[in-house]
Each structure stands twice: as C-alpha cells, then as structure tokens.
Amino acid sequence: MAPRGSSPFDVDRIRWHFPALREGAAHFDGPGGSQVPDTVASAVVETLTSAISNRGAVTPAERRADRVVLEARAAMGDLLGVDRGGIVFGRSATELTFHLARTLSKDWGPGDEVVVSRLDHDANIRPWLLAAEAVGATVRWADFDPATGELPVDVVEAVVGERTRLVAVTAASNLIGTRPDLPAIADVAHAAGALFWVDGVHATAHVLTDVPASGADFWVCSPYKFLGPHHGVLAAAPALLETLHPDKLLPSSDAVPERFELGTLPYELLAGTTAAVDFLADLALTDPSRSRRERLATSFAALEEHEDSLLATLEPRLRAIPGLTAYSNAKRRTPTLLVTVEGRDPQELRAALAERGVNAPAGNFYAWECSHHLGLGATGGLRMGLAPYTSAEDVDRLATGLEEICGAGG
Ligand SMILES: Cc1ncc(COP(=O)(O)O)c(C=O)c1O
C-alpha cells in the first residue's frame, strides 16, 4: 500500500510509486526523460499481455485496441486543454515536426518566410530549415539575449513580416528553462497571417498546459518527459488538421486525426500515456469526483509550488560556488538549471556527481543553436532539472556534491 499523504503534495507518497528510485540515485536528468511510475509500467504490460489486434469493432481484441487509442486521445486532450479529436500520435516530437513541416511546406514557395528561434531545441529548428530549403523559402532567426536568457516579443516581431508563413518557438527551453511569452508571440504571428508552432516538450512536464490560451496552432510534446513512455504527441484544432494533407499510404484512413498517423500505433505506449496523465492528475490528492482536467489544474499548481520551493534552496547554493556561471536567468522559467564552472569540463563534473549517486548530465542536449549562442559551443554545460519525485534530500545531495567537487563551502 502506498503511504497516504497528509499534505496535498506528498513527495514520499509520489516516490513510493517509482520503482527506479529504489536503485538509489538522485535524478536530475528529468529534462532528458523522467522516471516512470508503477501504474504506467503496469498499463504497458497489461496492454502487451492482453488480447489485442488492430483497431476495429468485431473482436474484443479489436475493441481493446480502439479503446486504448480513444482513451489516450482523451487523456492528452485533458492534459493539453484541447479537443481530443485533434490529438495525433507519432514516434517522437522530432518525427512529428518533420512530418508536419513536410506537410505545411507543400504550399510554401520562394519569397515565403519561416521564423525560428535560437532558444529552441534543434527539433524545432532543423525540420523548418530543411523544409524551407526544399521549397526555396527564407528562414528568419529570432535571437534570445544570452545574458538574460529572455526571448523578447519585439525580437520576434522584428523578423515577422507579411510573407511569414509559420513562427516556431519553444514553450520552454530544455537547456536554460526560459518560458517565452507565447500569447504575445501568437498575436504577432497571427497578425501577419502566419501559423504558430510551439514545441511544448520541455514545458508540458512543469506547468499546466492550455494550448488555446497559449495561442499555439500546433503543440508538440513527448510523454516520456512527463512520467510516460517514449512516443510523441501533436495537438491542433481538428478544423485546422482538416485543411492539411500529409503524405500517407493509399489504404490508410483519411480521417482526422488518423491521416497524420503513419503505420500502426504503439497501443501499449498509448495505454502508458493515459496512465501517466492519470498519475499527474493525482499528484496532489484531490477530490476524485472532479474532472481530470480540474484535478490536473490542482496537481500542476501543487507541482509548481513543490519545484519552486526546491529550486529556492538549490539555486542559491549553486550560485555561491566560486567560478560557477548559471545560464538560467529568465524571469519566467522551468526548474532547469544550466551551469558551467571555470576551468572544469562539464563532463568531468557530471562524472564526479555520478560517483556520489547524482544523475545530472552534461552537454548541449540538442539545443545546438542555444548552446552556441550562449558561447558554450557543442560542449554545453551541466544541466540539472527538477521533477515531481525530486526530494529535499536529492537537492541536498546535489548541492553538497557540487560544493565538494568544486572545493566550495565549509
Ligand atoms: C524542448 C525539446 N524539444 C524537442 C525534443 C525532442 O523530443 P523527442 O525526443 O520526442 O523527439 C526534446 C527532447 O529532449 C526537447 O527537450
């Protein structure tokens, strides 16, 4: 039996559900992929060990496959605040972005423009660059300020024009955590008649997503960043998806959203994703009679409070380490810290932390342009991210470890 928590967000109760944590490491590698609760693993196993076939209505096996897909669309609809009929599943956020970039650019041509930002993961840059190149369209870059980590709206506005067809910006940087002002950027894009594509992969794990309120026309995310299995999700209004015609096999369904889904869906992973959304909805013990979306809202508010309070302990201790530079400086950001320490290779710091049972990876994390714009090249820095299962003991182990490694403190 899981311990019953007394506070709305009981980290001990939450941690009890993560078998991986019993191996003993303190995990700050969540931005690369979170650990997974037992309920998610069980849902995957149950789906793989139950009779299942392709989606259909005749046999129980067909009906199970159908139910799994519809339940996962409903769960993701609740998590993102969107119509479940506009939820598309794919292999990964990267694959979905390439797929839709190919689709959207079918009616772009020379003189058309696409706007990308240097704050972004390469998954929200390269697909647009390659799609633009293939049709002779022009790429315009929006640069963030490396000192503050901010991507000001007027910087985006300056590169949006009447030929802009699409603006692609992250909801949060996976390297430094910055959360740009999406509704304001959406207004700029829409005023120019452009579509607004948002990479929600990093943000969706930390704050309650409301796609319509963000102004995004498209939102991609990846359940493996928010306690679920490894696949990708795209959300868009069904009416918008109806206007698009992706490459697809002739006999496969031409309905929305199915026509965007290439090949047979990974049913077991979709069942895991539904379980992950249910787990997120119950992070803070809320009234089970409330809707899942309402419970998600309460749980994410409690999660933000939990992560903020841990960050308030961790950040000052790290910033006090002599020679340490912190790059996560934006006003609004996720609890993800990127640092370097003068004269120390980030990989060496990461290895020394690993010896102390602290998992905090180093690199550029495919935020290639961002890392270069920060002056960190391909090397990047040491990245530490908080997750729902992060405890005060984890934070202390990380901070003490880095203080010792860097010869700081008493
Ligand atoms: C912000 C961001 N965007 C995109 C991706 C790529 O996601 P996927 O692995 O689902 O392609 C990542 C993965 O780290 C990410 O952090």
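Heads up: these notes are all about the structure in this document. (Residues numbered from 1 in each chain as written. Predicted model: local features only at pLDDT ≥ 70, side-chain atom pairs only at ≥ 80, totals over all residues. Heavy atoms only, no water.)

So, the overall build of the protein chain
On a plain count of helices and strands, the protein chain comes out with 14 helices and 13 strands. For 410 residues, the compact-globule formula gives about 22 Å, and the C-alpha radius of gyration of the protein chain, at 21 Å, lands near that figure. By residue count, 57% of the 410 residues in the protein chain fall in the buried class. In the protein chain, 67% of the contacts between residues at least 6 apart in sequence involve partners at least 24 apart. (Helix = DSSP H or I, 4+ residues; strand = E, 2+ residues; numbered from the N terminus. Rg over C-alpha atoms; globule rule 2.2 N^0.38 Å. Buried < 20%, exposed > 50% of the residue type's maximum accessible area, 1.4 Å probe, protein only. Contact = heavy atoms within 4.5 Å.)

So, the sheet that holds strand β6 (residues 195–199)
Spatial ordering of the open sheet is given by β2-β8-β7-β6-β5-β3-β4, a layout of seven strands whose pairing is mixed. Edge positions in the open sheet fall to β2 (87–90) and β4 (138–142), since each of these has one partner strand only. Neighbour-to-neighbour, the strand axes of the sheet open up by a mean angle of 20°, direction not taken into account. Relative to strand β7 (residues 218–221), β6 runs parallel, the two sharing three bridges. Counted as the bridge partner of Val198 is Trp219 from β7. Across the sheet, helix α5 (residues 126–135) lies against β3 (113–117), β4, β5 (164–170) and β6, angled at about 160° from β3, the strand it touches most. The sheet strands contacting helix α7 (residues 182–191) are β5, β6 and β7, and the helix crosses β6 at an angle near 150°. (Pairing = 2+ DSSP bridges. Axes fitted to C-alpha atoms, helices over the stretch in contact; angles between N-to-C directions.)

Re the layout of surface pockets
The calculated volume of the largest pocket comes to roughly 550 Å³. Around the largest pocket, the lining comprises 30 residues; the ones closest to its centre are Thr94, His121, Tyr224, Lys225 and Tyr366. Elements with a minimum of two residues in the lining of the largest pocket: α4 (93–104), α5 and β6. With four residues, the top contributor of residues to the lining of the largest pocket is α4. Among the residues forming the lining of the largest pocket, the class breakdown is 12 nonpolar, 12 polar and six charged. In this structure, the second largest pocket encloses a volume near 310 Å³. For the second largest pocket, the lining is made up of 13 residues, of which Ser252, Glu261, Gly263, Thr264 and Leu265 are closest to its centre. The class makeup of the residues in the lining of the second largest pocket is four nonpolar, five polar and four charged. (1 Å grid on protein atoms, 1.4 Å probe; cavity = no way out; pocket = protein on both sides within 12 Å on 5 of 7 lines; lining within 4 Å. Points joined across faces, edges and corners; volume = space filled by probe spheres on them. Nonpolar A, V, L, I, M, F, W, Y, C, P; charged D, E, K, R; others polar.)

Observations regarding the sheet that holds strand β10 (residues 336–341)
Overall, antiparallel pairing links the four strands, which are arranged β9-β10-β13-β12 in an open sheet. At either end of the open sheet lies a strand with only one pairing partner, and these are β9 (324–326) and β12 (362–363). Summarising the sheet, β9 and β10 pair through three bridges and their orientation is antiparallel. Looking at the pairing, Ala326 lines up with Val339 of β10. Here helix α11 (residues 292–319) sits on the sheet and contacts β9, β10 and β13 (381–385); the angle it forms with β10, its principal contact strand, is near 10°.

Considering the packing of aromatic side chains
Tallied over the entire structure, the rule returns five aromatic pairs. Note on Phe18 and Phe279: the rings are 5.7 Å apart at their centroids and 85° apart in plane angle, and the pair reads as edge-to-face. On the criterion of sequence distance, the pair formed by Phe18 in the loop between α1 (11–16) and β1 (26–27) and Phe279 in helix α10 (residues 267–281) is long-range, its members being 261 residues apart. Here Phe18 falls in the buried class, since its relative accessible area comes to 0%. Plain terms: the ring middles of Phe18 and Tyr389 are 5.0 Å apart, the flat faces sit at 55° to each other, and that makes the pair tilted. In this pair, Phe18 sits in the loop between α1 and β1 while Tyr389 sits in the loop between β13 and α14 (392–405), placing the two residues 371 residues apart along the sequence. Each member of the pair Phe18 and Tyr389 is classed as buried. Every member of this aromatic cluster is reached through a ring pair, and the members are Trp108, Trp128, Trp197 and Phe218. Geometry around Trp141 places Arg118 over its ring, the cationic atom sitting 4.1 Å from the centre. Looking at Arg383, its charged tip hangs above the ring of Phe365, at a distance of 3.7 Å from the centre. (Phe/Tyr/Trp six-rings, centres within 6.5 Å; stacked < 30°, edge-to-face > 60°. Lys NZ or Arg CZ within 6 Å of the ring centre and 35° of its normal.)

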